[in-house]
Amino acid sequence: LNELDRWSEDMTMERVVVIGAGVGGLVTARWLQHTTQMAVTVLERNAYVGGVWKYANKEESTPISSPMYANLHTNLPKEIMGVGPYFPFQPQSRSPSFLAHNAVQRYIEEFYNHFKLSPCVHTGANVTNVTRNLDKWQVSYSKNGECFTVECDGLVVCNGHYNLPHIPHIEGISNFKGVAVHSMTYDYPRPEMRGKRILCIGAGPSGVDIASELSVVGKVVLLSCREDRVDRLRERAGETLCVIPPVEKVLPDGAIQDVQGGIHIVDTIIYCTGYKYDFPFLDDTCGIDVIEEGSVVTPLYRHLFNINHPTMALVGIPSKICPFPFMDHQARAVCAVFSGRTALPSLEEMLQEMEAEFRTRREVYGWPSRYGHMMGSLQWGYQDDIADWIGHPRFPRYIGELYDYCHAIRSRDPFGGYRRHNFAIVDAGVDELGENTDMAGNSGGEKAE
């Protein structure tokens, strides 16, 4: 019997602690309160809810450590950004589909208030240690200079994965004579960046955005990306932005050499290289490991349940997803399992399924091991499987259709132009509206035929 079998046979899960009050933590708390009789406590280290979506100027005396930057806009439209049809972004005829960060933060706060989650959320509570003790979890945290420990039957970890920057090793980096920082420190094109020669390493959404912003003020801005993307991005980059292949090394004189032999002189390196999974508060008794240089969390059943101790779930681990509805589905699965309405397989079966999926990713898709939680187009099958497993309706089809369409227009116009498009959900289908005339404001207003 695994732990949940013992709970369903002998005991009742009475108390659940949720770590983190970002979207993952809040939807988990909402569904636990709505569908179970369990007491729910949410511990959030910051003084606010919302997780990474809370923006603060990084020049303030007590800056928030966050990947958020001043001009960040979503790379998915609000029509599929909501947690689900039960709580969509409020339709506003003059509101663009691709929102600024503060609009997303406002939506999260509206969710928090609408579902009256304040009584169960403790802000300023920094979790310092989690220990497994017999059939209980011991969660220690500090708040207002005092230390506390709470005991619970179930634990849901929702601390996100934008806390520990990933900085890849570059041969000879000690030779570099300029400034090298991670994109977590970036806020906006500061005056001191004017006239600089800047290299952005990594061409994910943030890397492309940051390189585009800096190209307005920098003397030279280079964007380093995978070789298979160089030509496509070069075709779409402006005159002030140069796309180069991956960096190979830093030469003894401090110059940058790419893998095709190109030599580049820069003053500043910005690593737009993502983040590592990090759970500094979980001790060895929790049975969770982070491997592949911080890119894979193991062992997890369906990227969600701790196989060693299934009364722990980790919501929001997968990447390249439609995040809010994805985490909402995961939260529903946690409630279904913790309440006993849905049963987990045996430990051996969960391990076999996890290993089979990783093997498929390597052998069928040809993905490296570090892509263990990357979803992309796999997310739709994953979500259908979760929904069928717990007896919940599947994702509305329009979510996948619009997600895939946005991926296509982002590939055609990656340097921000795709955000001019506007959409509307009509009878669970998608209509495209006219483009914005500027990113600050209004929809064109004409329905596309």
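Peer 1: Please explain the sheet that holds strand 12 (residues 241-244) as it appears in this structure.
Peer 2: Through backbone hydrogen bonds, the strands of a sheet pair up, either in parallel or in antiparallel fashion. Taken in spatial order, the five strands of this open sheet run 9-16-10-11-12, and their pairing is parallel. Since the sheet does not close on itself, it has two edges, and those belong to strand 9 (179-182) and strand 12, each with one partner. Pairs of neighbouring strands in the sheet enclose a mean axial angle of 20°, with direction left out of account. Packing against the sheet, helix 4 (residues 205-214) makes contact with strand 10 (197-201), strand 11 (220-224), strand 12 and strand 16 (268-271), and its axis sits at approximately 170° to strand 11.

Peer 1: Would you mind showing me how to read helix 4 here?
Peer 2: Quick reminder: α-helices carry 3.6 residues per turn. Residues three or four places apart thus point the same way. Burial of helix 4 is extensive: eight of the 10 residues sit out of reach of the surface. Restricting attention to buried positions, one finds in helix 4 the residues Gly 207, Val 208, Asp 209, Ile 210, Ala 211, Ser 212, Glu 213 and Leu 214. Tucked inside the fold, the buried residues of helix 4 contact strand 10, strand 11, strand 12 and strand 16.

Peer 1: Could you clarify how one ought to interpret the sheet that holds strand 14 (residues 256-258) in this entry?
Peer 2: Within the open sheet, the three strands sit side by side as 13-14-15. Their pairing is antiparallel. Every interior strand has two partners, whereas the edge strands, strand 13 (247-250) and strand 15 (263-264), have only one. Note that strand 14 and strand 15 share two bridges and pair antiparallel. By the bridge assignment, Gln 257 is partnered in strand 15 with Ile 263.

Peer 1: Just checking my understanding: could you explain the packing of helix 6 (residues 323-338) against helix 8 (residues 378-390) for this structure?
Peer 2: Any two packed helices are characterised by the angle at which their axes cross and by the distance between the axes. In the contact formed by helix 6 and helix 8, the axes pass within 10 Å of each other and the chain directions differ by 30°. Comparing the axis directions of helix 6 and helix 8 gives the class roughly parallel. The handedness of the crossing between helix 6 and helix 8 comes out as left-handed. Contacts between helix 6 and helix 8 involve Pro 325, Phe 326, His 329, Gln 330, Arg 332, Ala 333, Ala 336 and Val 337 from the first element and Gln 379, Tyr 382, Gln 383, Ile 386, Ala 387, Trp 389 and Ile 390 from the second. Class assignment for the residues of the contact of helix 6 with helix 8 results in 10 nonpolar, four polar and one charged.

Peer 1: Before we go on, may I ask you to explain the state of the cysteines in this structure?
Peer 2: In a disulfide, the sulfur atoms of two cysteines are covalently bonded to one another. Per the stated rule, a full pass over the model turns up zero disulfides. Cys 120 carries a free sulfur, and the closest cysteine sulfur to it, the one in Cys 158, is 12 Å from it. Cysteine Cys 286 shares no disulfide, and the gap to the nearest cysteine sulfur, in Cys 152, comes to 10 Å.

Peer 1: What am I meant to see in the nonpolar core here?
Peer 2: Leu 214, Phe 324 and Phe 338 are the most contacted members of the largest nonpolar core, which has 96 residues in total. When residues of this core are assigned to their parent elements, the largest contribution, 10 residues, is made by helix 6. Ignoring anything within four residues of it in the chain, the contact list for Leu 214 reads Tyr 186, Pro 189, Met 193, Ile 198, Cys 200, Val 221 and Ile 270. Ranked by size, the runner-up nonpolar core spans 24 residues in total, among them Ala 125, Tyr 141, Val 157 and Tyr 277.

Peer 1: Which parts of the structure should I look at to understand the environment of Ile 390?
Peer 2: Among the secondary structure elements, Ile 390 is positioned in helix 8. For Ile 390, a relative accessible area of 17% gives the class buried. When the C-alpha atoms of Ile 390 and Ser 411 are compared, they prove to be 35 Å apart, with 21 residues separating the residues in sequence.

Peer 1: Hey, could you run me through the packing of aromatic side chains in this one?
Peer 2: Each pair of aromatic rings is reported with the distance of its centres and the angle of its planes. Applying the stated rule across the entire model yields 21 aromatic pairs. Taking the centre distance of 5.4 Å and the plane angle of 85° together, the rings of Phe 87 and Phe 111 count as edge-to-face. Placement of the pair is Phe 87 in the loop between strand 2 (39-44) and helix 3 (101-114) and Phe 111 in helix 3, with a sequence separation of 24 residues. Comparing Phe 87 with Phe 111, the two get one shared label, buried. Members of the aromatic cluster, joined through ring pairs, are Trp 31, Trp 53, Tyr 86, Phe 87, Phe 89, Tyr 107, Phe 111, Phe 115 and Phe 324. Sitting over the face of the ring of Tyr 48, Lys 54 holds its NZ or CZ atom 5.7 Å from the ring centroid.

About the criteria used
Residues numbered from 1 in each chain as written. Predicted model: local features only at pLDDT ≥ 70, side-chain atom pairs only at ≥ 80, totals over all residues. Heavy atoms only, no water. Pairing = 2+ DSSP bridges. Helix = DSSP H or I, 4+ residues; strand = E, 2+ residues; numbered from the N terminus. Axes fitted to C-alpha atoms, helices over the stretch in contact; angles between N-to-C directions. Contact = heavy atoms within 4.5 Å. Buried < 20%, exposed > 50% of the residue type's maximum accessible area, 1.4 Å probe, protein only. Parallel < 35°, antiparallel > 145°, perpendicular 65-115°, else oblique. Left-handed = near helix turned anticlockwise from the far one by under 90°. Nonpolar A, V, L, I, M, F, W, Y, C, P; charged D, E, K, R; others polar. Disulfide = S-S within 2.5 Å. Core = buried A, V, L, I, M, F, W, Y, C linked by side-chain atoms within 4.5 Å. Phe/Tyr/Trp six-rings, centres within 6.5 Å; stacked < 30°, edge-to-face > 60°. Lys NZ or Arg CZ within 6 Å of the ring centre and 35° of its normal.

Honestly, that's just the spatial picture; any functional story needs more than this.
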